Amino acid sequence: MNIQGIPGGVCAAKGFKAGGIHSGIKPGSEKPDLAMILCETQCSTAAVYTQNKVKGAPILLTQQNIQNGYARGILVNSGNANTCNPDGMEIAQKCCNLAAQATGLDAADFIIASTGVIGQALPLEPFERGIPQLTSQLSAEGSGAAARAIMTTDTVPKEFAVEFTLSGKACRLGGIGKGSGMINPNMATMLVFVTTDAAIEPALLQQALSEVTAVTFNQICIDGDTSTNDTLAVLASGLAGNPVITERNEDYTMFCAALRDVCTKISRALAADGEGATKLLECVVSNARTEETALAIAKTVIASDLFKAAMFGADANWGRVLCAIGYTPGDFSADHVSLSLKSKAGEVLVCKESAYHPYSEEDASRVLAEKEIQVLIDMHDGSKSGTAWGCDLTYDYVKINGDYRS
């Protein structure tokens, strides 16, 4: 499959423009905090959300707005989650109304999302000031500004795009995301927005999104906490001119591959930018009994605090990996596990047949000193594989979350 990386983020696809500004949502902060993505035509729309029983008002309103499978725009703020607020739904609706007034669209045309501190009142004034200004600044070069405006504790913006072909038509797909802490998703992670000019029916778009989410965003863990506001949404304008995807055919498979490519890149970027992180960890499980088992083992290993702490200290404490494998739910054998640690500095086999394999501690420390580390697990129990991403657990994680509200 020919999938090429291109610039442009959420503005790479035909019909989309975006932007981001500072509107003063969080007192004392001068960071950009309000973003919009807008399409010139009605879009097939799909979304997945947090499985936390406590959900932010923006999720509840978005679910209502896109029940028909279509939307035109996305309005996002950082600095305040608009969660557990008595007037949360009212504020979310008024924000959509303001976006509709500024764009000439209907309030129900908008997906709305918020991220930031939970349980603090969200004032409407910054939106009243900011939305008209933001709308006037939307452009086909605005993806980066939007990516920066949705950041909270992120240290870098996250945006990617690809080009691919469906039935001879060039199509593009791009995304932006934010997320640095409170990430242990059961659907997606934090806030991620994807746009494409491929033509696809809403029902098929939802299927594609759910399938890709299961092997990308659901496979990230930073700290074991599932946010109240996680939202992953996709808008498809259809302006590429390909035959509309209405069934699971070759074009559907290609579309899913492109979507998975971008979602994997965003997933890795989110994991690498975990709060206080110094290392990106990728756990690859091979030869497992089922794909579900492989995915579960990889996710369990990457979520182990003891393992994450060992990676911060460049300590090849492989017993922590075997321990995590052992408490992973599921029906499988852990009797013949092989484990290698790999980075650009080399690869070290530390465990074979679920037992110690002689290795050099010096070589292992050199491998684990790198910024990206692979944990390669061979279960010798089947033929299926799965991958998960995370980061090391550092002193700075505690510092960041010890005074998050200040």
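Here, the structure is the one placed above.
(A) Summary view of the overall build of the chain. For the chain, the count of helices and strands is 11 helices and 16 strands. Since a compact globule built from 406 residues should have a radius of gyration of about 22 Å, the 22 Å found for the chain is in line with a globular shape. Counting only C-alpha atoms, the chain reaches 70 × 55 × 35 Å along its principal axes. Burial status across the chain gives 57% buried among its 406 residues. Restricting to contacts in the chain with at least 6 residues of sequence separation, those with at least 24 account for 81%. Summed over its atoms, the accessible surface of the chain is roughly 15,900 Å², and 49% of this surface lies on carbon and sulfur atoms.

(B) Structural detail: the packing of aromatic side chains. Overall, the coordinates contain three aromatic pairs when judged by the stated rule. Measuring from ring centre to ring centre gives 5.2 Å for Phe312 and Tyr395, while their planes differ by 90°; the resulting arrangement is edge-to-face. On the criterion of sequence distance, the pair formed by Phe312 in helix 8 (residues 305–312) and Tyr395 in helix 11 (residues 395–402) is long-range, its members being 83 residues apart. Centre to centre, the rings of Tyr356 and Tyr359 are 5.9 Å apart; their planes meet at 50°, and the pair counts as tilted. Residue classification places Tyr359 among the buried positions, given a relative accessible area of 16%.

(C) Inspection of the sheet that holds strand 9 (residues 220–221) at higher detail. Reading across from one edge, 9-16-11-15-12-13-14 is the order of the seven strands in this open sheet, with mixed pairing throughout. Looking along the sheet, the strands with just one partner apiece sit at the ends: strand 9 and strand 14 (355–356). Examined bridge by bridge, strand 11 (residues 280–288) and strand 16 (residues 384–391) share seven bridges and lie antiparallel to one another. Among the inter-strand pairings, Val285 is bridged to a residue of strand 16, identified as Gly386. The strands touched by helix 6 (residues 250–272) are strand 9, strand 11, strand 15 (372–378) and strand 16; relative to strand 16, the strand with the most contacts, the crossing angle is about 40°. Packed onto the sheet, helix 7 (residues 291–303) meets strand 9, strand 11, strand 15 and strand 16 and runs at close to 20° relative to strand 16.

(D) Looking closely at the nonpolar core. With 38 residues, the main nonpolar core has Phe164, Leu173, Phe217, Phe255 and Leu259 as its most contacted residues. Among the secondary structure elements, those contributing two or more residues to this core are strand 3 (34–49), strand 6 (158–166), strand 7 (169–178), strand 8 (191–196), helix 5 (202–215), strand 10 (231–236), helix 6 and strand 16. When residues of this core are assigned to their parent elements, the largest contribution, 11 residues, is made by helix 6.

(E) Main features of the packing of helix 7 against helix 9 (residues 319–326). Contact geometry of helix 7 with helix 9 gives a least axis separation of 8 Å together with a crossing angle of 130°. On the basis of their axis angle, the class for helix 7 and helix 9 is oblique. Considering only the axes of helix 7 and helix 9, their crossing is right-handed. For the pair helix 7 and helix 9, contact is made by Ile297, Thr300 and Val301 and by Val321, Ala324 and Ile325, respectively. Class assignment for the residues of the contact of helix 7 with helix 9 results in five nonpolar, one polar and no charged.

(F) Summary view of the state of the cysteines. A full pass over the atoms with the stated rule returns zero disulfides. The structure places no disulfide on Cys39, whose sulfur is separated from the nearest cysteine sulfur, that of Cys43, by 3.4 Å. Cys84 forms no disulfide, and the closest cysteine sulfur to it belongs to Cys95, at a distance of 17 Å. Cys84 gets classed as exposed once you look at its relative accessible area, which sits at 53%.

(G) Seen up close, helix 7. Under the 1.5 Å per step criterion, the end-to-end length of helix 7 is 18 Å for 13 residues, consistent within 8% with the ideal 18 Å. Among all positions of helix 7, only Thr293, Ala294, Leu295, Ile297, Ala298, Lys299, Thr300, Val301 and Ile302 are buried.

(H) Examining the pairing of strand 4 (residues 70–78) more closely. For strand 4, a buried count of eight out of nine residues is recorded, marking the element as mostly surrounded by other parts of the structure. Where strand 3 meets strand 4, seven bridges bridge the pair, whose relative direction is antiparallel. The residue of strand 4 that forms the bridge with Ser44 is Tyr70. In the sheet, strand 4 pairs with strand 5 (residues 110–115) via six bridges, with the strands oriented parallel. In the strand pairing of strand 5, Ile74 is matched with Ile111. In terms of handedness, the path from strand 4 via helix 2 (residues 88–103) over to strand 5 forms a crossover that is right-handed.

(I) Region of the structure containing the pattern of salt bridges. Evaluated as defined, the whole model comprises 13 salt bridges. The closest approach of N and O atoms between Glu372 and Arg268, which form a salt bridge, is 3.1 Å. Note that Glu372 is positioned in strand 15 and Arg268 in helix 6, a separation of 104 residues in sequence. Between Asp363 and Arg366 there is a salt bridge whose closest N-O contact spans 2.5 Å. Separated by three residues within a single helix, Asp363 and Arg366 lie in helix 10 (residues 361–368), roughly one turn from each other. For Asp363, a relative accessible area of 31% puts it in the partly exposed group. Taken together, the shared-partner salt bridges in this structure form one network comprising Asp154, Lys158 and Asp273.

Basis of the calculations
Residues numbered from 1 in each chain as written. Predicted model: local features only at pLDDT ≥ 70, side-chain atom pairs only at ≥ 80, totals over all residues. Heavy atoms only, no water. Helix = DSSP H or I, 4+ residues; strand = E, 2+ residues; numbered from the N terminus. Rg over C-alpha atoms; globule rule 2.2 N^0.38 Å. Buried < 20%, exposed > 50% of the residue type's maximum accessible area, 1.4 Å probe, protein only. Contact = heavy atoms within 4.5 Å. Areas by Shrake-Rupley, 256 points an atom, 1.4 Å probe, with all protein chains shown as cover. Phe/Tyr/Trp six-rings, centres within 6.5 Å; stacked < 30°, edge-to-face > 60°. Pairing = 2+ DSSP bridges. Axes fitted to C-alpha atoms, helices over the stretch in contact; angles between N-to-C directions. Core = buried A, V, L, I, M, F, W, Y, C linked by side-chain atoms within 4.5 Å. Parallel < 35°, antiparallel > 145°, perpendicular 65-115°, else oblique. Left-handed = near helix turned anticlockwise from the far one by under 90°. Nonpolar A, V, L, I, M, F, W, Y, C, P; charged D, E, K, R; others polar. Disulfide = S-S within 2.5 Å. Expected span 1.5 Å × (residues − 1). Right-handed = clockwise from strand over helix to strand, strands pointing away. Salt bridge = Lys/Arg side-chain N within 4 Å of Asp/Glu carboxyl O.

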